[in-house]
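The lines below spell out each chain.
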Amino acid sequence: MRPTSSLRPYPRLYTVDNPRKSKTLTLMTGLFTLYCLLPLVWLVINATKSQEDFVSTFGLAPGREFALWDNVVQVFTYQDGIFSRWLLNTVLYVVVGATVSTFLAALGGYALAKLHFTGKRVFLLVILGSISVPGIALAIPQFLLFAELGLTDTPWAILIPSFINPFGLYLMWVFTAEAVPTGLLEAAKIDGAGEFRTFLQIALPLLAPAGVTVLLFSLVSIWNNYFLPLIMLKNPDWYPLTVGINQWNKLGSSAGNGALVQNLVITSSLLTIIPLIIAFLCLQRYWQSGLTMGAVKG
């Protein structure tokens, strides 16, 4: 029998449930987390300050008085309460744009994955190519087109471009290819269901995880959209929050006005990101499962 001291222990097996710990990776993750959270912490702290405290105290230190509620009231009453109008405009653009965008992406993804038609391969190449084109590069051509149609300075100038989501279409196509059984669709057609009815009653419920993912991506994209509304809209009554708050920021940066609205810019910015945080927290498990399943299927 070999001595105990000569026996070598079995090497430890690292798995998903028992990952290998790395101090360097932990440190880098902590620094990245701090980098991401620091602007949010700065925003929350400064939203609780009065205008006097904002210009006279350190950015990451609390002010001498807690003025969050007063700032919120001022945000909703400044300039005859135009912030409420900007908020309603943004909700309109987001709800209509994200809903229609998600439905069209699901409809197109279903057609690409389960139907056969002439030019399908070319259409797929066009979609993949359009994903690589940044939206800001299309803003000027869109403006010229909408100007010819007489749709600039109207909500349609913001809504119509938001209906098209190439990345969402690609994600729904990849997801539909594996998540929707072809046999189930054929059975529905044998029972007399039309193509559109088959999509609505059979395929669409199975696409819920990917649909929520596309919905959240569209929601964030439309909510944060700035450049397109900036060039499309002239009437402040149709501004979304991004453009409206930037107008306040310019007002606060101009001579003689800096001591009036800087606290309103900070507080309104905080109010702007709260709905996005709530949406992600409420729909977190759905969009994570949609991303995971889409990655595995792809």
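Provided above is the structure to which this section pertains.
Note that the structure is predicted; figures quoted are calculated from it, not measured. (Residues numbered from 1 in each chain as written. Predicted model: local features only at pLDDT ≥ 70, side-chain atom pairs only at ≥ 80, totals over all residues. Heavy atoms only, no water.)

Peer 1: Residue-level account of the overall build of the protein, with values.
Peer 2: A tally of regular secondary structure across the protein gives 15 helices and 0 strands. By sequence separation, contacts in the protein at least 24 residues apart represent 70% of the contacts at least 6 residues apart. (Helix = DSSP H or I, 4+ residues; strand = E, 2+ residues; numbered from the N terminus. Contact = heavy atoms within 4.5 Å.)

Peer 1: Lay out the environment of Ala208 in plain terms, naming residues and giving numbers.
Peer 2: Assignment of secondary structure puts Ala208 in helix H11 (residues 208-223). The sequence separation of Ala208 and Ala106 amounts to 102 residues, and the corresponding C-alpha distance is 9.6 Å.

Peer 1: Requested: an account of unusual backbone geometry, with residues and values cited.
Peer 2: Although it is not a glycine, Gln79 sits at a positive phi angle of roughly 55 degrees. Structurally, Gln79 can be placed in the loop between helix H3 (68-77) and helix H4 (82-114). Taking the relative accessible area as the measure of exposure, Gln79 reaches 39% and is therefore partly exposed. The backbone of Asp80 shows a phi angle near 60 degrees, a positive value even though the residue is not glycine. Position of Asp80 relative to the elements: it lies in the loop between H3 and H4. (Buried < 20%, exposed > 50% of the residue type's maximum accessible area, 1.4 Å probe, protein only.)

Peer 1: So what about the nonpolar core? Which residues, and what values?
Peer 2: Core analysis: the biggest nonpolar cluster contains 27 residues, and Phe83, Trp86, Tyr93, Met232, Leu233, Leu241 and Trp248 have the highest contact counts within it. Element by element, the count of residues in this core is highest for H4, at 6 residues. Counting residues in each nonpolar core, the second largest holds 14 residues, with Tyr110, Phe175, Ala179 and Leu185 among its members. (Core = buried A, V, L, I, M, F, W, Y, C linked by side-chain atoms within 4.5 Å.)

Peer 1: Any details on the packing of helix H5 (residues 120-131) against helix H8 (residues 166-179)? Residues and values, ideally.
Peer 2: Axis separation between H5 and H8 bottoms out at 8 Å; the angle between their running directions is 130 degrees. Looking at the two axes, H5 sits oblique to H8. Here the hand of the crossing between H5 and H8 comes out left-handed. Contacts between H5 and H8 involve Phe123, Leu124, Ile127, Leu128, Ser130 and Ile131 from the former and Pro166, Phe167, Leu169, Tyr170 and Trp173 from the latter. (Axes fitted to C-alpha atoms, helices over the stretch in contact; angles between N-to-C directions. Parallel < 35°, antiparallel > 145°, perpendicular 65-115°, else oblique. Left-handed = near helix turned anticlockwise from the far one by under 90°.)

Peer 1: Describe the pattern of salt bridges, listing the residues and the values that go with them.
Peer 2: Counted by the stated rule, this structure contains 2 salt bridges. The salt bridge partner of Asp53 is Arg64, with a shortest N-O separation of 2.9 Å. Placement of the pair is Asp53 in helix H2 (residues 51-56) and Arg64 in the loop between H2 and H3, with a sequence separation of 11 residues. Residue classification places Arg64 among the exposed residues on the basis of a relative accessible area of 63%. In this structure, Glu195 engages Lys189 in a salt bridge whose closest nitrogen and oxygen atoms are separated by 3.1 Å. (Salt bridge = Lys/Arg side-chain N within 4 Å of Asp/Glu carboxyl O.)

Peer 1: I'd like to hear about the environment of Ile222, residue by residue, with values.
Peer 2: With respect to the element layout, Ile222 can be found in helix H11. The class of Ile222 is buried, set by a relative accessible area of 12%. Between the alpha carbons of Ile222 and Val94 there is a distance of 5.8 Å; along the sequence they are 128 residues apart. Apart from the residues within four sequence positions on either side, Ile222 is in contact with Tyr93, Val94, Gly97, Ala98 and Ser162.

Peer 1: Quick rundown of the packing of aromatic side chains? Include the residues and the values.
Peer 2: Taken as a whole and judged by the stated rule, the model has 10 aromatic pairs. Between Phe76 and Phe83, the ring centres sit 5.1 Å apart and the planes meet at 85 degrees, which makes this aromatic pair edge-to-face. Counting every residue linked through ring pairs, the aromatic cluster contains Phe76, Tyr78, Phe83, Trp86 and Trp248. Cation over ring: Arg85 sits above Trp238, and NZ or CZ is 5.0 Å from the ring centre. (Phe/Tyr/Trp six-rings, centres within 6.5 Å; stacked < 30°, edge-to-face > 60°. Lys NZ or Arg CZ within 6 Å of the ring centre and 35° of its normal.)

Peer 1: Go over H11 with me, naming the residues and quoting the values.
Peer 2: With 16 residues, H11 should cover 22 Å at 1.5 Å per step; its first-to-last C-alpha distance of 22 Å lies within 8% of that length. Along H11, the residues classified as buried are Ala210, Gly211, Val212, Thr213, Val214, Leu216, Ser218, Leu219, Ile222 and Trp223. (Expected span 1.5 Å × (residues − 1).)

Peer 1: Requested: an account of the packing of H4 against helix H10 (residues 195-206), with residues and values cited.
Peer 2: Between two packed helices, both the angle of their axes relative to each other and the distance between the axes serve to describe the pair. Close contact between H4 and H10 brings their axes to 11 Å; oriented N to C, the two are set at 105 degrees. On the basis of their axis angle, the class for H4 and H10 is roughly perpendicular. Residue-level contacts link Phe103, Ala106, Leu107 and Tyr110 of H4 to Glu195, Phe196, Thr198, Phe199, Leu200, Ala203 and Leu204 of H10. Considering only residue class, the contact of H4 with H10 consists of 9 nonpolar, 1 polar and 1 charged. (Nonpolar A, V, L, I, M, F, W, Y, C, P; charged D, E, K, R; others polar.)

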